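# Structural overview for review
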Amino acid sequence: MARYYATYKCALCGRIIRYGNPTEVTESQLPELLGRVIQNQQFAGNPYLYQAPMYIPHKCGNGNGGLAQFAGFAKE
């Protein structure tokens, strides 16, 4: 098993951002975990069921404000 972080990529500056706490899963479980992220988006209007954002705000290093999109899970 390995620990994976939810990872986002800023569309403006290209920076990769870790988000939240790492999840411990096997490599073979990654497709299922990604599927759960997609399924979670169906609950975006329900604050009791919605957990993982597809986009997060990002303050770029040069002072710009970007929008980072969920990109996948990266090893710790």
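Higher on the page you've got the structure.
The present account deals with the structure reproduced in this document. All figures in this text were calculated on a predicted structure; none of them were measured in a lab. (Residues numbered from 1 in each chain as written. Predicted model: local features only at pLDDT ≥ 70, side-chain atom pairs only at ≥ 80, totals over all residues. Heavy atoms only, no water.)

## Observations regarding the overall build of the chain
Along the chain, the regular secondary structure elements total 1 helix and 4 strands. Along the chain direction, N to C, the helices and strands of the chain fall in the order β-β-α-β-β. Taking all 76 residues of the chain together, the buried fraction comes to 26%. Taking contacts inside the chain between residues at least 6 apart in sequence as the whole, the part at least 24 apart equals 52%. Accessible surface, the chain: about 5,400 Å² in total, of which carbon and sulfur atoms supply 51%. (Helix = DSSP H or I, 4+ residues; strand = E, 2+ residues; numbered from the N terminus. Buried < 20%, exposed > 50% of the residue type's maximum accessible area, 1.4 Å probe, protein only. Contact = heavy atoms within 4.5 Å. Areas by Shrake-Rupley, 256 points an atom, 1.4 Å probe, with all protein chains shown as cover.)

## A few points about the nonpolar core
One finds Ala6, Tyr8, Cys10, Ile17, Val37, Ile56, Cys60, Ala68 and Phe70 forming the largest nonpolar core, which totals 9 residues. Put simply, the parts of the chain that give this core at least two residues each are strand 1 (2-10) and strand 4 (65-75). In this structure isoleucine 17 touches Ala6, Thr7, Tyr8, Cys10, Ile56, His58 and Ala68, once residues within four positions along its chain are discounted. (Core = buried A, V, L, I, M, F, W, Y, C linked by side-chain atoms within 4.5 Å.)

## A closer look at the packing of aromatic side chains
Inspection of every chain in the model, using the stated rule, returns 3 aromatic pairs. Ring plane angle 70 degrees and centroid distance 5.4 Å describe the contact between phenylalanine 70 and phenylalanine 73, whose orientation is recorded as edge-to-face. The rings of Tyr8, Tyr19, Phe70 and Phe73 are connected pair by pair, giving a single aromatic cluster. (Phe/Tyr/Trp six-rings, centres within 6.5 Å; stacked < 30°, edge-to-face > 60°.)

## Concerning the environment of asparagine 21
Position of asparagine 21 relative to the elements: it lies in strand 2 (residues 16-25). Considered as a pair, asparagine 21 and tyrosine 4 are 17 residues apart in the sequence and their alpha carbons are 8.5 Å apart.

## Topic: the sheet that holds strand 2
Pairing in this open sheet of 4 strands is antiparallel, and the strands run 2-1-4-3 from one edge to the other. Each edge of the open sheet carries a strand with a single partner, namely strand 2 and strand 3 (55-59). Strand-to-strand twist of the sheet, defined as the mean angle between neighbouring strand axes without regard to direction, takes the value 35 degrees. One ladder, built from 7 bridges, connects strand 1 with strand 2; its direction is antiparallel. In the strand pairing of strand 2, arginine 3 is matched with glutamate 24. In this fold helix 1 (residues 30-40) packs onto strand 1, strand 2 and strand 4, with an angle of close to 150 degrees to the strand it touches most, strand 4. (Pairing = 2+ DSSP bridges. Axes fitted to C-alpha atoms, helices over the stretch in contact; angles between N-to-C directions.)

## Brief notes about the pattern of salt bridges
Throughout the structure, instances matching the rule amount to 1 salt bridge. Among the salt bridges present, the one from arginine 3 reaches glutamate 76, with a minimum N-O distance of 2.8 Å. Residue arginine 3 is located in strand 1, and its partner glutamate 76 is located in the segment after strand 4; the two are separated by 73 residues in the primary sequence. Taking the relative accessible area as the measure of exposure, arginine 3 reaches 37% and is therefore partly exposed. (Salt bridge = Lys/Arg side-chain N within 4 Å of Asp/Glu carboxyl O.)

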